[in-house]
Structure formats: structure tokens, C-alpha cells
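Below are the chains, spelled out letter by letter.
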Amino acid sequence: MNELHLSKRLETVADYLIKDSSFADIGSDHAYLPCYAVIKGLAKTAIAGEITEGPFQSAKNQVVKNELSASIEVRKGDGLEVIKPNEVDCITIAGMGGGLISKILDDGKEKLVGVSRLILQPNIHADFVRMWLMENEWELISEQIIEEDDKIYEILVAECGEVNKPYTNKNIDAAILTGPFLMEEKNDVFKKKWSLECEHWKKIVQQLNAAAPTREKRVKQKELERKIQLIEEVLDNE
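The paragraphs below set out a description of the structure included in this document. (Residues numbered from 1 in each chain as written. Predicted model: local features only at pLDDT ≥ 70, side-chain atom pairs only at ≥ 80, totals over all residues. Heavy atoms only, no water.)

## Description of the pairing of strand 2 (residues 43-50)
- With respect to burial, strand 2 is a largely interior element, six of its eight residues being buried.
- Relative to strand 2, strand 1 (residues 21-26) runs parallel, the two sharing six bridges. Paired with D25 across the bridge in strand 2 is A48.
- A crossover links strand 1 with its parallel partner strand 2, the connecting element being helix 2 (residues 32-39), and its sense is right-handed.
- This β-α-β element, strand 2 to helix 3 (residues 53-65) to strand 3 (residues 72-76), shows right-handed connectivity. (Buried < 20%, exposed > 50% of the residue type's maximum accessible area, 1.4 Å probe, protein only. Helix = DSSP H or I, 4+ residues; strand = E, 2+ residues; numbered from the N terminus. Pairing = 2+ DSSP bridges. Right-handed = clockwise from strand over helix to strand, strands pointing away.)

Right under this line is the structure:
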């Protein structure tokens, strides 16, 4: 992967950028996504944000190497600290856990003024991100689930709007867990992900059944059994 050829995961993220926008890529690593987006004409300008020195320097070097310093600024800081209100149209956060993505957004709420679109790719716990979006008046407008190198990724896209719209006429718990658009499309990658997850949860439930009972174990077991039920209903509903 480089600035001209992104991974399938990051290319999918780039596809959702608003044309001719300015965007901030939080946790940009080598700044491949900002460089690619500007080179390909998907965005006019970008800010690459990094918290640690090594990736920060790698991103700076990448921008200089591609002679993009006039269009891409690399900034060091924690999460949305690297941007100001009304500075960018889009924000991308990719390759982190859903809990961390939600925390970054929550900690930097005041920086979201003027932002039209969030493009988020949690590696795990996409449901945490969906919950944060609902609670903070961001409408989920699109989702994709893809497989690359034996790993499954979800990409969530949100804009300010009607937060309940994608969840209308759906089991809200199932939709937050699996994705309101993804559970409707139910492609092969979706089926693979949730079939594997169900099998994993069932094994844990078996282990909990065999272990000495405690209150914590009972709570955990009920939670997993509820999730298994939700997933099986989604997968069985053709």
C-alpha cells in the first residue's frame, strides 16, 4: 500500500469523501489517505493528525515526498485537537476500535462545528459508534462491510440529520449491533461475520454453563444469549 494504491479498506473510506472538500484524517499514520485523496482529486485539502512522534514524522515525510505541502498539513495532537471548528468538511477516522473512535468524537465535540460528514471505520465494536452517532444527532446515511486479507471491516458514514431514520421499522437492538443498512443488504461478508461471531458466543456460553455460577457469569451469559438470538433472527429473516 502507498499513496497511489490504498488498501481496499482505505479506498472505501476515500470513496465517501465529499468532492472537493477539505478533510481531517485522524490517526493518519503515513498520511496515505490524505495524499491519495488529494492526488486523485477527491479532496482539495487535508489535515493529517497523529498523536505519536514516529507516525507524525512518517506522515510529514510522505507529504513532502509527494510535494503536497501546499494542500496537506500534518499536525501533532490527540484526536480532534488537531483541528479548529469550521476548518474541515469531513472527518475520517479509520483503523481503531469503536470505543476509541467514540471517545475521540465525544472529547472533540466542539470541533465538529461545520463538519458535514463523518466517515468512520471501526475495527471492532461498530455498535459503539452507531450508539454515539444516535446520541449525538448524527444520521447514519450509508454503511459497507468488506473483507480484506481475511479480516472483515465495517465503514460507517454519517451526516447531521434524522437520527432515527435508518432504524425505522427495524429491531433497534439488532440494527445497532449489526448495522441498519448492512442487515438489510445482508451480503456474504455480513453473513460470514455474524455466523462466526455467533459460533464464538455459543462456545463462551457453553463454557459459562460448565463453570461455577456467579452473578457476573449469569449477567454475561444472558447478554450473550440475547445477542445470539438477535443475530439468528437477522440471519434467518430472508
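## Describing unusual backbone geometry
- In this structure, D29 is a non-glycine residue whose phi angle is positive, near 60°.
- Counting through the fold element by element, D29 comes out in the loop between strand 1 and helix 2.
- Looking at D29, the relative accessible area reads 37%, which means it is partly exposed.
- If you check the backbone angles, A31 has positive phi at about 60° while not being a glycine.
- Mapped onto the elements of the fold, A31 is located in the loop between strand 1 and helix 2.

By themselves these figures say nothing about function.
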